[in-house]
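# Examining the three-dimensional arrangement
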Amino acid sequence: MRVLIVEDEPYMAEAIRDGLRLEAIAADIAGDGDTALELLSVNAYDIAVLDRDIPGPSGDEIAERIVASGSGMPILMLTAADRLDDKASGFGLGADDYLTKPFELQELALRLRALDRRRAHSRPPVREIAGLRLDPFRREVYRGGRYVALTRKQFAVLEVLVAAEGGVVSAEELLERAWDENADPFTNAVRITVSALRKRLGEPGIIATVPGVGYRIDTAPVSEQAGGDGG
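Residues numbered from 1 in each chain as written. Predicted model: local features only at pLDDT ≥ 70, side-chain atom pairs only at ≥ 80, totals over all residues. Heavy atoms only, no water.

## Considerations on the sheet that holds strand β2 (residues 26–30)
Judged by pairing direction, the sheet is parallel, and its 5 strands sit side by side in the order β2-β1-β3-β4-β5 without closing on themselves. For this open sheet the edge positions go to β2 and β5 (97–100), each flanked by a neighbour on one side alone. Sheet twist, expressed as the mean angle between neighbouring strand axes with direction ignored, is 20°. Its contacts with the sheet place helix α5 (residues 105–117) against β1 (2–6), β3 (47–50), β4 (75–79) and β5, and it is angled at close to 175° to β5. (Pairing = 2+ DSSP bridges. Helix = DSSP H or I, 4+ residues; strand = E, 2+ residues; numbered from the N terminus. Axes fitted to C-alpha atoms, helices over the stretch in contact; angles between N-to-C directions. Contact = heavy atoms within 4.5 Å.)

Set out below in structure tokens:
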């Protein structure tokens, strides 16, 4: 999951971003409305977390832009305004959830995961493909009934691959979806993480490399699978 945090208080924004990373949620930061709109125009986000009172276009204006775009992106309002009429106006603008400051980071992570499950193009809470069972809410993976312990980053990469349902996902897209905008585009982090993920998942190999293109979950029956893939 990748989210955009629109918050003009740098320390709070960075604390939220760092805390969400520990929950395997990639997050980018916008300190003002103009930066937020720019990031929304060039990146694909799963959820927008908006502080209403920010420099430039307000959080309310950004929410209106998101709704008008028809993207179906969920919006979580994050603000100190806790009066009922404040919340009512926020929901009226198209917000899907509302969290008032101060708040617990764990609650924010739980709300983000709940919003992600209810997205307009909603994924089922548990995904199953080629003998894999991935529960994004509990962050659990099973293969053939066997629990597979994964690191946060390995889980994030697998979640993107599983969501593609056998489609090819490029290394660039994995870097964008499982890391964040600060990731070095020339890093070999994706290759290293996929290699470690393959070892955790065991044999027969289920993550196929499509040379020069990317990676995909091999949905072919075990009897049809060829030998191990490179990459």
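## Some thoughts on the nonpolar core
Counting 26 residues, the largest nonpolar core has L132, V141, L158, L174, L201 and I207 as the members making the most contacts within it. For this core, the secondary-structure elements that each account for two or more residues are β7 (132–135), α6 (152–163), α7 (171–178), α8 (189–201) and β11 (214–217). It is α6 that provides the largest number of residues to this core, a total of 7 residues. Counting 20 residues, the second-largest nonpolar core is a separate cluster that includes A30, I62, M73 and I75. (Core = buried A, V, L, I, M, F, W, Y, C linked by side-chain atoms within 4.5 Å. Buried < 20%, exposed > 50% of the residue type's maximum accessible area, 1.4 Å probe, protein only.)

## Side note on the pattern of salt bridges
Inspection of the entire model under this criterion finds 13 salt bridges. Among the salt bridges present, the one from R111 reaches D97, with a minimum N-O distance of 2.7 Å. One end of the pair, R111, is in helix α5; the other, D97, is in strand β5, and 14 residues separate them in sequence. Given a relative accessible area of 24%, R111 falls into the partly exposed group. Classification of D97 by relative accessible area gives buried; the value is 13%. When the shortest N-O distance is used, the salt bridge between R216 and D218 registers 3.9 Å. A residue is classified by how much of its surface remains accessible, and R216, at 26% relative accessible area, is partly exposed. Three or more residues are tied together by salt bridges with common partners; here these are R2, D28 and E176. (Salt bridge = Lys/Arg side-chain N within 4 Å of Asp/Glu carboxyl O.)

## Some details on the packing of α6 against α7
Between α6 and α7, the least distance of the axes is 10 Å, while the angle of their chain directions is 120°. Classified by the angle their axes make, α6 and α7 are oblique. Note on packing geometry: the crossing formed by α6 with α7 is right-handed. Contacts from K153, A156, V157, V160 and L161 of α6 reach α7 at L174, R177 and A178. Across the contact of α6 with α7, the residue classes break down as 6 nonpolar, no polar and 2 charged. (Parallel < 35°, antiparallel > 145°, perpendicular 65-115°, else oblique. Left-handed = near helix turned anticlockwise from the far one by under 90°. Nonpolar A, V, L, I, M, F, W, Y, C, P; charged D, E, K, R; others polar.)

## A word on the packing of aromatic side chains
As enumerated under the stated definition, the model contains 1 aromatic pair in all. An angle of 65° between the planes, with centres 5.5 Å apart, marks the rings of Y142 and Y147 as edge-to-face. For Y147, a relative accessible area of 45% puts it in the partly exposed group. (Phe/Tyr/Trp six-rings, centres within 6.5 Å; stacked < 30°, edge-to-face > 60°.)

## Description of helix α3 (residues 59–69)
Those residues of α3 not exposed but buried are G59, I62, A63 and I66. Here the buried residues of α3 occupy an arc of 100° about the axis, which is enough to place them on one side. The outward face of α3, more than 90 degrees from its buried face, is lined by the exposed residues R65 and A68. A positive phi of about 75° marks G70, the residue just after α3. (Arc of directions from axis to C-beta.)

## Focus on helix α2 (residues 33–42)
When we look at burial in α2, the residues that qualify are G33, A36, L37, L39 and L40. Viewed along the axis of α2, the buried residues span an arc of 165°, placing them on a single side of the element. Away from the buried face of α2 by more than 90 degrees, exposed residues D34, E38, S41 and V42 are located. Those residues of α2 hidden inside the fold are in contact with β1, β2 and α3. A distance of 3.1 Å separates the backbone nitrogen of D34 from a side-chain oxygen at the start of α2, and that oxygen is part of D32. (Polar contact = N/O pair within 3.5 Å; in protein donor to acceptor, adjacent residues only side chain to side chain.)

## So, the packing of α6 against α8
Packing of α6 against α8 leaves a shortest axis separation of 10 Å and a crossing angle of 90°. What the angle tells us is that α6 and α8 run roughly perpendicular. Between α6, through K153, Q154, V157 and L158, and α8, the contact on the second element is made entirely by T193, V194, A196, L197, R200 and L201. Residue classes in the contact of α6 with α8 are distributed as 6 nonpolar, 2 polar and 2 charged.

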